[in-house]
Amino acid sequence: MKLIQLYTNSFKGLSQESWMLALVMLINRAGSMVLPFLGVYMTAHLNFSIENTGIVLSFFGIGSVIGSWLGGFITDKIGEYKVQYLSLLLSVPLFCLIPLFKTEVGVAAIILIQSIVSDSFRPANSVAITKYAKPENITRAFSLNRMAVNLGFSIGPALGGILSAISYEFLFFSNALTALLAGILYIIFFRKRNKLAKLRARKVKEAIEIKKENSPYRDGKFLVYCFLCMLFSICFFQLFSTLTMFYKDTAHLSQQNIGYLLGYSGVIVVLLEMGLVQVAEKYLSLARTLFLGTFICGLSYAMLGFDYSIITLVISMTLLSVGEIWALPFMSIITALRSGKNNKGAYMGLNGISFSIALIVTPYFGTLIAEKLGFTVLWIGTGVLATFIAIAFYFVVPWMIGDKKQEA
């Protein structure tokens, strides 16, 4: 009963806007059913070679880097409201256009444009969370949003598998429909709220002197922090590339069992995130939370270097999910604390770029190490690297946000 009470209490006090942002994210990410099937679509339907398919898919990561930067930059200029609804609505025709391109160059170009537009949504969404969440609930607001992302990614691939079996064109059009639904829902709910927030912000600007704030690209401490976030992401994002290859080729799991194990990860995050975040907020500092989250993620990979029985695989995935819960949402909180009132978009965008770069780097280096040195070296090396990153986080976070946290 105490566990149930702890879980239900973790949702109390969150604003209506925080819930709606999470719902929009859930619909948007549940609709992101195209991504897991792009590789299969290009090899099976368009008859691209595996090598060319990999090159084309890399343009998704490049677009993600550009979109994160562009979204953060524009958010500080025109506000997070316009960036979010424009990103959602412009994604609709782009999803519909993808089936019209049949060559490697054409598909790479449309995927690049679509990724730029879609990923400009993320920094604007992060700014909106900090804008509408109550100060004492900001970490849980980020966690609620991430929980929606995980739930959406659990639903999306399952729907994508069903729809792609019917028709790939139907898959793309369904993706466009969910983006349209998320955009309309967002506009209806936030149109008046955004106007009221702008009026309040204008009054504040009239009442106080506006201090010019620095660019995050000239913030040395924050650049060090983003570099560590990128290294962490390179370790963590093996979940989406080399880990599934390891499951199939070394652990000899069927595709169905791989799906079950990945789905189990999503369920763990959905069930435990809000409760574990509340525990961390109550008993741990930001530095200790990030240290533990990063270290546990590294441990989950390192143990695969010694054993890959089904029990070990389940324990490893459980630890990876817990580590993710104590790392990713708090990285956003630390970014928000470091930023000022008028440059949050730029800070969120730069932090998003560190994750996007990892999406490009991880598949290449992970598969290269696995092929040349073996998975054992890859997993133990990942664990060692994550341990060093965890120690670095423990010292860098207080060094970076000490004064900022006191101001907040």
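Values in this document were obtained by computation on a predicted structure and should not be read as measured data. Per chain, residue numbering runs from 1 following the sequence as it is written. Thresholds applied to this predicted model are a pLDDT of at least 70 for local features of residues and 80 or more for the giving and counting of side-chain atom pairs; totals over whole chains, interfaces and linings are not thresholded and use all residues. Side-chain metrics in this entry use all non-hydrogen atoms of the structure; hydrogen atoms and water are not considered.

Participant: Looking at this structure, I do not really get the packing of aromatic side chains. What am I missing?
Facilitator: The geometry of an aromatic ring pair is captured by two quantities: the separation of the ring centres and the angle between the planes. Pairs were defined over the aromatic rings of Phe, Tyr and Trp, the Trp ring being its six-membered one, requiring ring centres within 6.5 Å. Orientation was assigned from the angle between planes: stacked under 30 degrees, edge-to-face over 60, tilted for the rest. Applying the stated criterion across every chain yields a total of 20 aromatic pairs. Ring centres of Phe236 and Phe237 lie 5.8 Å apart, and the angle between their planes is 55 degrees; on these two criteria the pair is classed as tilted. Within the aromatic cluster, the residues linked to one another by ring pairs are Tyr81, Tyr85, Tyr132, Tyr186, Phe189 and Phe190. Counting as a charge over the ring demands two things of the Lys NZ or Arg CZ atom: a distance within 6 Å of the ring centre and an angle within 35 degrees of the ring normal. The positively charged end of Arg193 is found above the aromatic ring belonging to Phe189, 3.8 Å away from the centroid.

Participant: Looking at this structure, I do not really get the pattern of salt bridges. What am I missing?
Facilitator: Close approach of charged atoms allows side chains of opposite charge to pair. Just to be clear on terms, a salt bridge is a Lys or Arg side-chain nitrogen sitting within 4 Å of an Asp or Glu carboxyl oxygen. Going through the model one piece at a time under the given rule, you end up with four salt bridges. Lys131 is the salt-bridge partner of Glu80, the closest N and O atoms lying 3.1 Å from each other. Of this pair, Glu80 sits in helix α5 (residues 80-97) while Lys131 is found in helix α7 (residues 121-132), placing the two residues 51 residues apart along the sequence. As a salt-bridge pair, Arg122 and Asp119 come within 3.2 Å of each other at their nearest N and O atoms. Three labels apply to residues, based on accessible area from a 1.4 Å probe with only protein chains included: buried if under 20% of the type maximum, exposed if over 50%, partly exposed otherwise in between. The partly exposed category is assigned to Arg122, whose relative accessible area is 25%. A run of DSSP states H or I qualifies as a helix once it reaches four residues; a run of E qualifies as a strand once it reaches two. Both are numbered from the N-terminal end.

Participant: Is there a simple way to think about the packing of helix α10 (residues 220-236) against helix α13 (residues 286-302) in this case?
Facilitator: How two helices sit against one another is set out by the angle between their axes and by the gap between those axes. α13 packs onto α10 with a crossing angle of 30 degrees between their chain directions and a minimal axis gap of 10 Å. By the angle class used here, α10 and α13 are roughly parallel. Between α10 and α13 lies a crossing of left-handed hand. Residues Tyr225, Phe232, Cys235 and Phe236 of α10 form the contact with α13, whose own contacting residues are Leu290, Thr294, Cys297 and Tyr301. Between N-to-C directions, angles cover 0 to 180 degrees, with each direction set by a line fitted to C-alpha atoms, over the stretch in contact for helices. Working rule for angles: under 35 degrees goes down as roughly parallel, over 145 as roughly antiparallel, 65 to 115 as roughly perpendicular, anything else as oblique. What makes a crossing left-handed is the near helix being turned counterclockwise from the far one by less than a right angle; a clockwise turn instead makes it right-handed. Throughout, a residue-residue contact means that at least one pair of heavy atoms, one from each residue, lies within 4.5 Å.

Participant: Hey, could you run me through helix α14 (residues 310-325) in this one?
Facilitator: Since the α-helix advances by 3.6 residues per turn, residues separated by three or four positions end up pointing in the same direction. A helix is expected to reach a length of 1.5 Å times the quantity of its residues less one. The end-to-end C-alpha separation of α14 is 23 Å, in line with the 22 Å expected for 16 residues at 1.5 Å each. By the burial criterion, the buried members of α14 are Thr312, Leu313, Ser316, Met317, Leu320, Ser321, Val322, Gly323, Glu324 and Ile325.

Participant: Whenever I open this one, the environment of Met20 confuses me. Can you help?
Facilitator: Among the structural elements, Met20 can be located in helix α2 (residues 16-30). Separated by 170 residues in the primary sequence, Met20 and Phe190 place their C-alpha atoms 8.9 Å from one another. Among residues more than four places away in sequence, those in contact with Met20 are Leu185, Phe189 and Phe190.

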